[in-house]
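The residues making up each chain are set out below.
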Amino acid sequence: MKVSSNKTIHILLILLLASALALSACGKKEEAVTASSSANGEPEVAELRYQGWTGSVSFPELAEDLGYLAPLKLKYIGNTISGPQDIQSVVTGDTDFGGAFNGAIVKLIAAKAEITSVLAYYGSDESTWTGYYALDDSPIKTAKDLIGKKVGMNTLGGHHEAVIKEYLYRAGLTLDEIKQVTLVVVPPVSTEQALRDKQIDIASLGGILRDKALERGGIHPLFKDTDLFGVFSAGSYVLSNKFIKKNPNATRLFVEATAKAIEWARITPIEEVVARYESIINKRGRKEDTSSVKYWRSTGVAGKGGFISDKEFDTWINWFEAEGSLKKGQVKAADLYTNEFSPYLNETK
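Residues numbered from 1 in each chain as written. Predicted model: local features only at pLDDT ≥ 70, side-chain atom pairs only at ≥ 80, totals over all residues. Heavy atoms only, no water.

(A) Fine view of the packing of aromatic side chains. Under the counting rule described, the total for this entry stands at 15 aromatic pairs. With a centroid separation of 3.8 Å and an interplanar angle of 5°, the aromatic rings of Tyr167 and Phe223 are classed as stacked. Of the two residues, Tyr167 sits in helix H5 (residues 159-170) while Phe223 sits in strand S9 (residues 219-224), which places them 56 residues apart along the sequence. Its relative accessible area of 5% is what places Phe223 among the buried residues. (Phe/Tyr/Trp six-rings, centres within 6.5 Å; stacked < 30°, edge-to-face > 60°. Helix = DSSP H or I, 4+ residues; strand = E, 2+ residues; numbered from the N terminus. Buried < 20%, exposed > 50% of the residue type's maximum accessible area, 1.4 Å probe, protein only.)

(B) Structural context of helix H13 (residues 311-323). Here H13 contains 13 residues, and its C-alpha end-to-end distance of 18 Å stays within 8% of the 18 Å for a straight helix at 1.5 Å per residue. For H13, every residue scored as buried is listed here: Glu312, Phe313, Trp316, Ile317, Trp319, Phe320 and Glu321. Of the residues flanking the end of H13, it is Gly324, one or two places downstream, whose phi is positive at about 90°. (Expected span 1.5 Å × (residues − 1).)

(C) Expanded view of the pairing of strand S5 (residues 130-135). Among the six residues that make up S5, six are buried, leaving the element largely enclosed by the rest of the structure. With four bridges connecting them, S5 and strand S8 (residues 202-206) associate as antiparallel partners. Across the sheet, the residue bridging to Thr130 is Gly206, located in S8. As judged from the five bridges shared by S5 and S9, these two strands associate in the antiparallel manner. Note that in S9 the partner of Leu135 across the bridge is Ile219. (Pairing = 2+ DSSP bridges.)

(D) How the structure looks around the layout of surface pockets. Of the voids in this model, the second largest pocket is the one considered here, and its volume is about 240 Å³. Looking at the second largest pocket, it is lined by 13 residues, and the ones nearest its centre are Arg49, Asp96, Ser240, Lys242 and Phe243. Among the residues forming the lining of the second largest pocket, the class breakdown is four nonpolar, four polar and five charged. (1 Å grid on protein atoms, 1.4 Å probe; cavity = no way out; pocket = protein on both sides within 12 Å on 5 of 7 lines; lining within 4 Å. Points joined across faces, edges and corners; volume = space filled by probe spheres on them. Nonpolar A, V, L, I, M, F, W, Y, C, P; charged D, E, K, R; others polar.)

(E) A look at unusual backbone geometry. Omega for the peptide link from Ala70 to Pro71 comes to 5°, which places this bond in the cis form. Examined against the element boundaries, Pro71 turns out to sit in the loop between helix H2 (59-66) and strand S2 (73-79). Unlike most non-glycine residues, Lys198 shows phi in positive territory, near 65°. As for its position among the elements, Lys198 is in the loop between helix H7 (188-196) and S8. Positive phi is not limited to glycine here, since Lys287 has a value of about 55°. On the secondary structure map, Lys287 appears in the loop between helix H12 (270-284) and H13. Given a relative accessible area of 86%, Lys287 falls into the exposed group.

(F) Region of interest: the sheet that holds strand S10 (residues 232-240). Taken in spatial order, the three strands of this open sheet run S3-S10-S4, and their pairing is antiparallel. Here the strands that pair on one side only, and so sit at the sheet edges, are strand S3 (97-101) and strand S4 (115-124). The sheet shows a mean angle of 30° between the axes of neighbouring strands, taken without regard to direction. As paired elements, S3 and S10 share five bridges and run antiparallel to each other. Among the inter-strand pairings, Phe101 is bridged to a residue of S10, identified as Gly235. Along the sheet face, helix H3 (residues 83-92) touches S3, S4 and S10 and points at about 145° away from the line of S3. (Axes fitted to C-alpha atoms, helices over the stretch in contact; angles between N-to-C directions. Contact = heavy atoms within 4.5 Å.)

See the structure below:
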């Protein structure tokens, strides 16, 4: 019995060892499959959550419609109210990507938000720009005349606030004088009427709202953002650092597809772009008005495929340092973005 018992124990040990080796081999096989899946460039996720804008088409949405984004799909979770809110949703993990004015991105990263800009998506050029308009009978002629006056814009902490402050700063106003210019948040669709009713003294207007206001007459620009900066990209799409690290293939596909969509819109005849935008809005079934896209004129993006440069962040970093909201050297442009995933990286070096 003793010999038989020893043999039994010996056999059981052999079986346990064999089982352990089999499990180890299985684990290594699964690791190999995972490594192979990562190496072949397949996206690690199936969809990207995002917020939209009523009555407009974003470049990721265009990329998906053109077939550039496949096999990735976009998952619409609602509309955003502003750029700062959109990128804050990326920080909280409610969305996978969002876009905002570069100055807002600077401030959020300075506050230790773990996000990175991956490509530019809007800006100003000779066809697409924002103007700061006064009534024709307004006494406002210069930057100094804005002291004690009201300037209407869509949101604070965004593009329109930064541009008006830069205009005042370049005109020689002191920080104390700049603080005496009141910035008023007005819904974009109400901005023109607020100006005509003299509830505000200057209105920031762009796109369809600007064009329709000009058609009605009686207003003129005090200045345009392109008067200050020329052709420039003003806002970027961001992803969380965690998402980029965990999903490099999905990140690359998102950036490449969106970059190619930007270039498609840049080189395609305007009427074809507008028709495509109308089709996208109609197909997504959100009961939206397509009239605004008829006024689309250009991408407004300076760099090829949204390629980002230091100057697109340095402008706002310098301003924040001058007004004291950032310490000198607290944030560096090169630490805020990456062009690593751009399909045009080698072309722009």
